[in-house]
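# Coordinate inspection notes
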Amino acid sequence: MAPRKRKPFFIRGTYFDYPSLFFILFLVFFGVVMVYSSSSFVSYRYYNNNTHYLFRQAFFGMLGIFAMFGVSRVRYQVFKKFTYIGLLGITFLLIFVLFAGKSVNGSARWVNLGFVSFQPSEIAKIVVILYMAYICAGRPELLRTIKGTIIAFIPAALVIIIIAIENLSTALICAAIAGGIWFVATPKLKYLLVILAAGVVFAIIMINSAGYRADRIVAWRNPEASSSGFQTLQGLYAIGSGGIFGRGLGQSIQKMGNIPEAQNDMIFSIICEELGIVGAVGLIIVFVMLIWRFRFIAEGAPDRYGSLIVVGVISHVAFQVLINMFVVTNLMPNTGVTLPFISYGGTSLVFLLIEMGIVLAVSRQIEPLGSEEENAA
C-alpha cells in the first residue's frame, strides 16, 4: 500500500478573489486617511507633530497587509490542528490580562510587550471563529440536541465570559460570531431563542455588575442630562453639521478637542462631518460589498469548514460595523467598539487583516468555473 501523500502547508491555488482584496485595501487606505484627518489636531497638541497617529496607523496597515498575504498562502485546513492549542493559549492570555494587564481608561485589557501593546480579545475573535467552524463542521452530531449544542458552546462560552469581565462589547461580538456560525450550520429557531435569552440575561447581569455600564445606559437614554453623554452629543453635532456633502476632508471642527480621541471609536462621526451623508453612505456600501463578496467565497468554499470560517468573519465584520455606527448615531449605548479598518489601532488592524488573510486562503481553494470539465477532458 502506497504511503499517504502529505498535503502541503502552503498552497498556490488556481483562484484568488481580487474584488475582496480591492475592498479590503480600499478600507485600509481610507482608514489611514481618516485617522490622519481626525487626529492631526490632537497629534500636534500632544506630540508637536500632526502626523504621529498617521505614521503609526500606516506602519501597522502595511504590516497587516504583508501578514494578510502570508496567511492567504496557507492551506487553511491546517488551522484545525491548532484549534485547541489556540483555545488554551487565548484563555491563558485573557486570564493573565485580568491580573497583570496594562490598564487604559480604567480597564485592564492590554498586554504590554514594551515595544507594542495589544488586546488579547482581538486574537480571541479569530480563535472563536476557527473553533466554532471546526466544531460545527467536524462534529455535526453535537448540534442535533440542545445538550450537544451546549457542550459545543462551552469552550467558546468560557472565552466570552472571561472577556466580558472587562470588555462586554467585545464579548458580545464574539458571541455574535459563535451564534452566527452555529445558526448557519444548523438553523434551529428554538435553540436560537434559548441561546439569545441566555445571552440577554448574561448581558443584564454584566451591566449591573459594573456601575459605568449602567451610567452608559442612562447617557444613551438622555445624553443632554447625563455627565457621561458629552461624547455622544458632540458626535451627533458633528453628524448634523456635515449635512449632505460635508464640510470637506480635513475641515472638521468637532475633532478639535470636542470629541475625545476622535480617531478611535467615534471616527464615523468625523467621516459624516467632513464627507457628509454621501461619504457615510459610500463607506457603508463598501462594507456591504465586502460582505457580499465574502458570501460568494463562503458558498464556493471546497468544504464545510472553510465555508463556516468565512461565515464567522462575515458575522464579525457586520456586527462590529453595526454596533459602532449605532453607538455613534445614539441608537444604542456607548460600547467603545471601533469601526473595522477605519478606527485608529495598530495591532487590532493587524489581527483584522490576518482574519482577512484566512478568508483569502479559503478563496484560493475555490475551483474556477469550467475546471471540472477541463479536468474530466
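This section reports on the structure supplied with the text. In this text the structure is predicted, and so the values were computed from the model without any measurement. (Residues numbered from 1 in each chain as written. Predicted model: local features only at pLDDT ≥ 70, side-chain atom pairs only at ≥ 80, totals over all residues. Heavy atoms only, no water.)

A full pass over the atoms with the stated rule returns five salt bridges. For arginine 247, the salt bridge goes to glutamate 273, with nearest N and O atoms at 3.2 Å. Separated by 26 residues along the polypeptide, arginine 247 in the loop between α9 (230-242) and α10 (267-300) and glutamate 273 in helix α10 bring together distant segments of the chain. Judged by its relative accessible area of 39%, arginine 247 is partly exposed. A salt bridge links lysine 255 to glutamate 274, with the shortest nitrogen-to-oxygen separation between them at 3.5 Å. In this pair, lysine 255 is assigned in the loop between α9 and α10 and glutamate 274 in helix α10, connecting sequence segments 19 residues apart. Here lysine 255 falls in the buried class, since its relative accessible area comes to 3%. Here glutamate 274 falls in the buried class, since its relative accessible area comes to 1%. (Salt bridge = Lys/Arg side-chain N within 4 Å of Asp/Glu carboxyl O. Helix = DSSP H or I, 4+ residues; strand = E, 2+ residues; numbered from the N terminus. Buried < 20%, exposed > 50% of the residue type's maximum accessible area, 1.4 Å probe, protein only.)

Bringing empty space enclosed by the protein into the picture now. Following the criterion strictly, the structure yields one cavity of 30 Å³ or more and no others. If you add up the space inside the largest cavity, you get close to 90 Å³. For the largest cavity, the lining is made up of twelve residues, of which Leu94, Val97, Arg109, Ile163 and Glu166 are closest to its centre. Elements that contribute at least two residues to the lining of the largest cavity include exactly α3 (83-100), β2 (107-112), α4 (120-138) and α5 (146-166). Partitioning the lining of the largest cavity into residue classes produces seven nonpolar, three polar and two charged. (1 Å grid on protein atoms, 1.4 Å probe; cavity = no way out; pocket = protein on both sides within 12 Å on 5 of 7 lines; lining within 4 Å. Points joined across faces, edges and corners; volume = space filled by probe spheres on them. Nonpolar A, V, L, I, M, F, W, Y, C, P; charged D, E, K, R; others polar.)

Once that is clear, we can look at unusual backbone geometry. Note on backbone geometry: most residues besides glycine have negative phi, and most peptide bonds are trans. A positive phi is found at glutamate 261, a non-glycine position, where the angle reads about 50°. You can see glutamate 261 is positioned in the loop between α9 and α10. The partly exposed category is assigned to glutamate 261, whose relative accessible area is 44%. Positive phi values are uncommon outside glycine, yet asparagine 330 reaches one of about 60°. By the element assignment, asparagine 330 lies in the loop between α11 (304-328) and α12 (346-364). Note on asparagine 330: relative accessible area 19%, which makes it buried.

All right, on to the environment of valine 337 then. Among the secondary structure elements, valine 337 is positioned in the loop between α11 and α12. When the C-alpha positions of valine 337 and methionine 266 are compared, they lie 9.0 Å apart, and in sequence the two are 71 residues distant. With near-sequence residues (within four places) excluded, valine 337 lies in contact with Ser169, Ile173, Asp265, Gln320, Ile323 and Asn324. (Contact = heavy atoms within 4.5 Å.)

What follows deals with the side chain of serine 38. With respect to the helices, strands and loops of the structure, serine 38 is situated in helix α1 (residues 18-47). For serine 38, the side chain forms a polar contact with the main-chain oxygen of valine 35, separated by 3.3 Å. With near-sequence residues (within four places) excluded, serine 38 lies in contact with Lys255, Ala262, Gln263, Ile267 and Ile270. (Polar contact = N/O pair within 3.5 Å; in protein donor to acceptor, adjacent residues only side chain to side chain.)

What the rule picks out here adds up to 15 aromatic pairs. With 5.3 Å between their ring centres and 75° between their planes, phenylalanine 59 and phenylalanine 60 make a pair best called edge-to-face. Exposure remark for phenylalanine 60: the relative accessible area of 10% places this residue in the buried category. Here tryptophan 292 and phenylalanine 296 contribute two aromatic rings whose centre-to-centre distance is 5.0 Å and whose plane-to-plane angle is 85°, an arrangement assigned as edge-to-face. Here the residue tryptophan 292 and the residue phenylalanine 296 both occupy positions in helix α10, the gap between them amounting to four residues, near one helical turn. What makes phenylalanine 296 partly exposed here is its relative accessible area of 35%. Here a set of aromatic residues connected by ring pairs shows up, and it is made of Phe22, Phe23, Phe26 and Phe30. Lysine 80 extends its terminal NZ or CZ atom over the ring of tyrosine 305, reaching a point 5.0 Å from the ring centre. (Phe/Tyr/Trp six-rings, centres within 6.5 Å; stacked < 30°, edge-to-face > 60°. Lys NZ or Arg CZ within 6 Å of the ring centre and 35° of its normal.)

Take the nonpolar core next. Counting residues in hydrophobic clusters, the biggest one holds 104 residues, and the most contacted among them are Met132, Phe287, Phe294, Phe341, Ile342 and Met356. Contact partners of methionine 356, with chain neighbours within four places excluded, come to Ile24, Met68, Phe294, Val313, Val317 and Phe341. (Core = buried A, V, L, I, M, F, W, Y, C linked by side-chain atoms within 4.5 Å.)

Note: α-helices contain 3.6 residues per turn, so residues at a spacing of three or four share the same orientation. In this model, α9 (13 residues) spans 19 Å end to end at C-alpha, consistent with the 18 Å of a helix rising 1.5 Å per residue. Regarding α9, the residues found buried are Gln231, Thr232, Leu233, Gln234, Gly235, Ala238 and Gly242. In this structure, the buried residues of α9 make contact with α10. Within two residues after α9, glycine 243 carries a phi angle of roughly 65°, on the positive side. (Expected span 1.5 Å × (residues − 1).)

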